Amino acid sequence: MFTGTNASPGITLGKALIVKHEELVIEKKDINSVDEELKRFDDAMEKSIEELNSVKEKALKDLGKEEAEIFEAHLMVLDDPELIKSTKDKITNENLNAEYAFKEIINQFITIFESMENEYMRERAADIKDVSDRVLRHLLGKTIIDLATLEEEVILIAHDLTPSDTATMNKDKVLGFLTNTGGRTSHTAIMARSLEVPAVVGLKNITEKVNNEDYIVFNGDSGEVIINPDEKTIEKYKKLKLNYEKMKKELESLKGKESISTDGRKVELAGNIGTPKDIDGLKNNDAEGVGLYRTEFLYMNRDNLPTEDEQYESYKKVLESMNPNPVVIRTLDVGGDKNLPYLEFENEMNPFLGYRAIRLCLDKKDIFITQLRALLRASNHGNLRIMFPMISSLEELLEAKKVLEGVKADLNNEGIEYSKDIEVGMMIEVPSAAIISDILAKHVDFFSIGTNDLIQYTTAVDRMNEKISYLYRPFNPAVLRLIKMVIYNGHKENIWVGMCGEMAGDQKLIPILLGMGLDEFSMSPISILSARKLIRSLKYEDAKEIANKVVNIGTAKEIEEYMEKVLD
Ligand code: PEP
Ligand code: MG
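Residues numbered from 1 in each chain as written. Chains lettered and ligands numbered in written order. Predicted model: local features only at pLDDT ≥ 70, side-chain atom pairs only at ≥ 80, totals over all residues. Heavy atoms only, no water.

**Q** Help me understand the overall build of the protein in this model?
**A** Across its full length, the protein holds 23 helices and 16 strands. Viewed in the frame of its principal axes, the protein has a C-alpha envelope of about 85 × 70 × 40 Å. For the protein, the residues scored as buried account for 55% of the 568 residues in total. Within the protein, residue pairs in contact and separated by at least 24 positions form 68% of the contacts whose partners lie at least 6 positions apart. Taken as a whole, the protein presents about 25,600 Å² of accessible surface, with 48% of it coming from carbon and sulfur. (Helix = DSSP H or I, 4+ residues; strand = E, 2+ residues; numbered from the N terminus. Buried < 20%, exposed > 50% of the residue type's maximum accessible area, 1.4 Å probe, protein only. Contact = heavy atoms within 4.5 Å. Areas by Shrake-Rupley, 256 points an atom, 1.4 Å probe, with all protein chains shown as cover.)

**Q** What exactly am I supposed to notice about empty space enclosed by the protein here?
**A** Empty space among the atoms becomes apparent when a probe as large as a water molecule is rolled across them. Using the criterion set out here, one finds one cavity of 30 Å³ or more in the structure. Empty space within the largest cavity amounts to approximately 50 Å³. Lining the largest cavity are Arg184, Arg193, Gly501, Glu502, Gly505, Ser522, Met523, Ser524 and Ser527. Of the residues that constitute the lining of the largest cavity, the class distribution is one nonpolar, five polar and three charged. (1 Å grid on protein atoms, 1.4 Å probe; cavity = no way out; pocket = protein on both sides within 12 Å on 5 of 7 lines; lining within 4 Å. Points joined across faces, edges and corners; volume = space filled by probe spheres on them. Nonpolar A, V, L, I, M, F, W, Y, C, P; charged D, E, K, R; others polar.)

**Q** I'm lost on the sheet that holds strand β7 (residues 215-219) in this one. Help?
**A** Two orientations exist for strands paired in a sheet by backbone hydrogen bonds: parallel and antiparallel. Reading across from one edge, β1-β8-β7-β3-β4-β5-β6-β2 is the order of the eight strands in this open sheet, with mixed pairing throughout. Every interior strand has two partners, whereas the edge strands, β1 (2-3) and β2 (5-8), have only one. Two elements, β1 and strand β8 (residues 224-227), share two bridges in a ladder whose sense is antiparallel. Of the residues in β8, the one forming a bridge with Phe2 is Val225. Seen against the sheet, helix α9 (residues 231-252) touches β3 (11-19), β7 and β8 and runs at an angle of roughly 110 degrees to β3. (Pairing = 2+ DSSP bridges. Axes fitted to C-alpha atoms, helices over the stretch in contact; angles between N-to-C directions.)

**Q** Teacher, can you tell me more about the site of ligand 1 here?
**A** The environment of ligand 1 is formed by 13 residues, the closest being Arg294, Arg330, Gly450, Asn452 and Arg463. In this structure, Arg294 approaches ligand 1 through a side-chain N or O atom, which is 2.8 Å from an oxygen atom. At a separation of 3.0 Å, an oxygen atom of ligand 1 approaches a polar backbone atom of Asp453. If ligand 1 stood free it would expose 290 Å²; the protein chains cover 99% of that surface. Sorting the residues of the shell around ligand 1 by element identifies β10 (290-294) and α18 (451-459) as the ones contributing at least two each. Among the elements that make up the shell around ligand 1, the one with the highest residue count is α18 (three residues). (Near = heavy atom within 4 Å. Polar contact = N/O pair within 3.5 Å; in protein donor to acceptor, adjacent residues only side chain to side chain.)

**Q** Even after reading the chapter, I still don't get the coordination of the magnesium ion (ligand 2), so can you show me in this structure?
**A** For a metal bound by four donors in tetrahedral geometry, the ideal donor-metal-donor angle is 109.5 degrees, whereas six donors in octahedral geometry ideally sit at 90 or 180 degrees. Within the protein, the atoms that donate to the magnesium ion (ligand 2) are Glu429 (OE) and Asp453 (OD), at distances of 2.0 to 2.2 Å. Of this pair, Glu429 sits in the loop between β13 (423-428) and α16 (431-435) while Asp453 sits in helix α18; the two residues are 24 residues apart in sequence, bridging distant segments of the chain. Side by side, Glu429 and Asp453 carry an identical accessibility label, which is buried. (Donors = N, O, S within 2.8 Å, 3.2 Å for Na, K, Ca; no water.)

**Q** Can you help me understand the domain arrangement of the protein in this one?
**A** How big an interface is tends to be expressed through the accessible area that disappears when the partners come together. Domain assignment breaks the protein into domain 1 (22-140), domain 2 (154-238) and domain 3 (260-567). Centre-to-centre, using C-alpha coordinates, domain 1 lies 42 Å away from domain 3. (Domains from an automatic or database assignment.)

**Q** What is the right way to look at the pairing of β8 in this model?
**A** In this structure, β7 lies alongside β8, joined through four bridges in antiparallel fashion. In the strand pairing of β8, Ile216 is matched with Ile227. Between the end of β7 and the start of β8, which pair antiparallel, lie four residues, with Gly223 showing a positive phi angle near 85 degrees.

**Q** What am I meant to see in the nonpolar core here?
**A** As a rule of thumb, soluble globular proteins bury nonpolar side chains together. If you look at the biggest cluster of nonpolar residues, it comprises 102 residues, and the most contacted ones within it are Phe388, Phe447, Ile483, Ile512 and Phe521. With seven residues, the top contributor of residues to this core is helix α14 (residues 365-378). When neighbours within four sequence positions are excluded, Ile512 is seen to be in contact with Leu480, Ile546, Ala547, Val550, Ile559 and Met563. Ile26, Ala59, Phe113 and Ala148 belong to the second-largest nonpolar core, a separate cluster that totals 33 residues. (Core = buried A, V, L, I, M, F, W, Y, C linked by side-chain atoms within 4.5 Å.)

**Q** I tried to follow the environment of Phe521 on my own but got confused; where do I start?
**A** As for its placement among the helices and strands, Phe521 is situated in strand β16 (residues 520-523). Take Phe521: its relative accessible area is 0%, and that puts it in the buried class. As a C-alpha pair, Phe521 and Gly271 span 250 residues in sequence and 8.1 Å in three-dimensional space. If near-sequence neighbours (up to four positions away) are discounted, Phe521 is found in contact with Val267, Glu268, Leu269, Ala270, Met499, Ala504, Ile510, Leu513 and Leu514.

**Q** I tried to follow helix α12 (residues 308-322) on my own but got confused; where do I start?
**A** Structural remark: α-helix, 3.6 residues per turn; residues separated by three or four positions point the same way. Relative to the 21 Å expected for 15 residues at 1.5 Å per residue, α12 spans 21 Å between its end C-alpha atoms, a close match to the ideal helical length. For α12, the full list of buried residues reads Glu308, Gln311, Tyr312, Ser314, Tyr315, Val318, Leu319 and Met322. Buried positions in α12, seen along its axis, are confined to an arc of 170 degrees and lie on one side of it. (Expected span 1.5 Å × (residues − 1). Arc of directions from axis to C-beta.)

**Q** What should I look at first to understand helix α23 (residues 556-567) in this one?
**A** For α23, built from 12 residues, the straight-helix expectation of 16 Å at 1.5 Å per residue is met to within 8% by its first-to-last C-alpha distance of 17 Å. The complete set of buried residues in α23 reads Ala556, Ile559, Glu560 and Met563. In an axial view of α23, the angular spread of the buried residues amounts to 95 degrees, which keeps them on one side of the axis. Exposed side chains of α23 directed beyond 90 degrees from the buried face belong to Lys557 and Lys565. For α23, the secondary structure elements touched by its buried residues are α19 (477-492), α20 (510-516) and α22 (540-550).

**Q** Explain the pattern of salt bridges here, please?
**A** Enumeration according to the criterion identifies 37 salt bridges in this entry. Across the salt bridge formed by Arg356 and Asp453, the nearest N and O atoms sit 3.5 Å from each other. In this pair, Arg356 sits in the loop between β11 (326-330) and α13 (357-363) while Asp453 sits in helix α18, placing the two residues 97 residues apart along the sequence. Each of the two residues, Arg356 as well as Asp453, counts as buried. (Salt bridge = Lys/Arg side-chain N within 4 Å of Asp/Glu carboxyl O.)

**Q** Explanation requested: the environment of Glu37 in the structure shown.
**A** By the secondary structure assignment, Glu37 is in helix α1 (residues 34-62). The spacing of Glu37 and Phe218 is 181 residues in sequence and 47 Å in space, taken between C-alpha atoms. The residues touching Glu37, leaving out its near neighbours within four places in the chain, are Ile31, Ile91, Leu96, Asn97, Ala98 and Glu99. A polar side-chain atom of Glu37 sits 2.7 Å from a polar atom in the side chain of Arg40.

**Q** Sorry if this is basic, but what is going on with the packing of α22 against α23 here?
**A** Angle between the axes and distance between the axes are the two parameters that describe a pair of packed helices. Viewed as axis vectors pointing N to C, α22 and α23 meet at an angle of 160 degrees, and their least axial separation amounts to 11 Å. If you check the angle between α22 and α23, you find them roughly antiparallel. Crossing of α22 over α23 shows right-handed handedness. Residue-level contacts link Ile546, Lys549 and Val550 of α22 to Ile559, Tyr562, Met563 and Val566 of α23. Here the contact of α22 with α23 is built from residues that sort into six nonpolar, no polar and one charged. (Parallel < 35°, antiparallel > 145°, perpendicular 65-115°, else oblique. Left-handed = near helix turned anticlockwise from the far one by under 90°.)

This is how it looks when you write it as structure tokens:
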């Protein structure tokens, strides 16, 4: 048995499919005739184009324009006359086999792109490599795994899954993911929860332990993975799966019910989303609002900034479909691990401590203003709350608010309507903001605690680094004390305090957060109903005692063990 990080709940049994981008071996070979090689090349190109067209159509239909654009870029590479002509010339002039000639030409293209100044163009080298592998596989007669066109139900085993893998995969056929890398807040984990696919991540070398077609069982709640289990274990997991499904059914009965403790403390259970498509998941799980809309996905997987109108359409869609429930839309949070190639970020020693989120927006005001205009215009269609990420000082908050006021004045002058009831809040995800939260609270309508970053900045533990992931602990008493202080300071100024980091959906932490007085819990939609079930079983007065007790325990381990006992 292997144990990794429990990234997305659910019990899964099924066959493994390894998603590995294996190195292709290309050899120079004697050929029968140049014409034959030219034909092989044409055929491989044609098959690749056909395949890409059908993958693109499927992505367009199932996933939307943004995701389909990746394949459009691949098709453009195959349509390049220079690439085709150079390969054919090489085959003809040097009597070469098609794959060898093509690989040589592709390598030249990649070298040129990789040496370009512009980061966007450098990133295109990866597209060229991706698409050329497709052509080479056809020439070598190797099968290609397209996650968009999976025929059989499988458990995907990968080193890591890229955003384009998760964006384009056929969700109906994917029973789960297991990956070598990642933690609970990594892209793969967040995607798995939003797709409602069970997943275990951070398994270190699972790609080496598993072979294609191996039978796997795993538990996305405990992080346990077993390869080729015996009959007894299979039966046990089948039972666990049935129980899990039964429990999910029972949770259905909580739809439409209030999220309220036994002694009447009512809270709001909202969902985190990345794109308007995630609304379905919110509705299925009866979210009472959106507590975090991560708008950066609108800016990713493309080669230019989204226009005001494009943004307006996305925000409007979310606001309209949730109306009258509130929707917290976070302004652009890029930098750190999320780069926008077309913005040409400079390489930084510490990107998470660098040029990111509100810092970038206050520097590149045109980008910020475009987003704020789109947000204000969309506010006519629902209950909008605007939130600024990564605020680390009062100056930053005041400056962000000033830009917002400027945009409002512009719209007034232009006679463009917007709602007058928009709440403006900020994330508390930097310790300096938590420490002066009593002061900051005087200038906002709400706080939302971003614990994914707050943990990393408070404990000086990179949230992406597996070597030290044992130190990345939500139960760390220093983190809990900061949270308690932020909620207290917010309430003193009569503002509501929410949480949109992953801690908000964690069963072992919910009693503590409830007891500290958290007003809004925003989480992956998949966790909402079980959170409601738990809150409806708790007494607020008891939760307060629990909260007071844990902040005086010295170690994360003891706090976690104590909470396990409380929930037993
Ligand atoms: C957080 O930091 O807790 C958060 C919600 O933001 P993100 O995970 O997008 O950094
Ligand atoms: Mg954050």
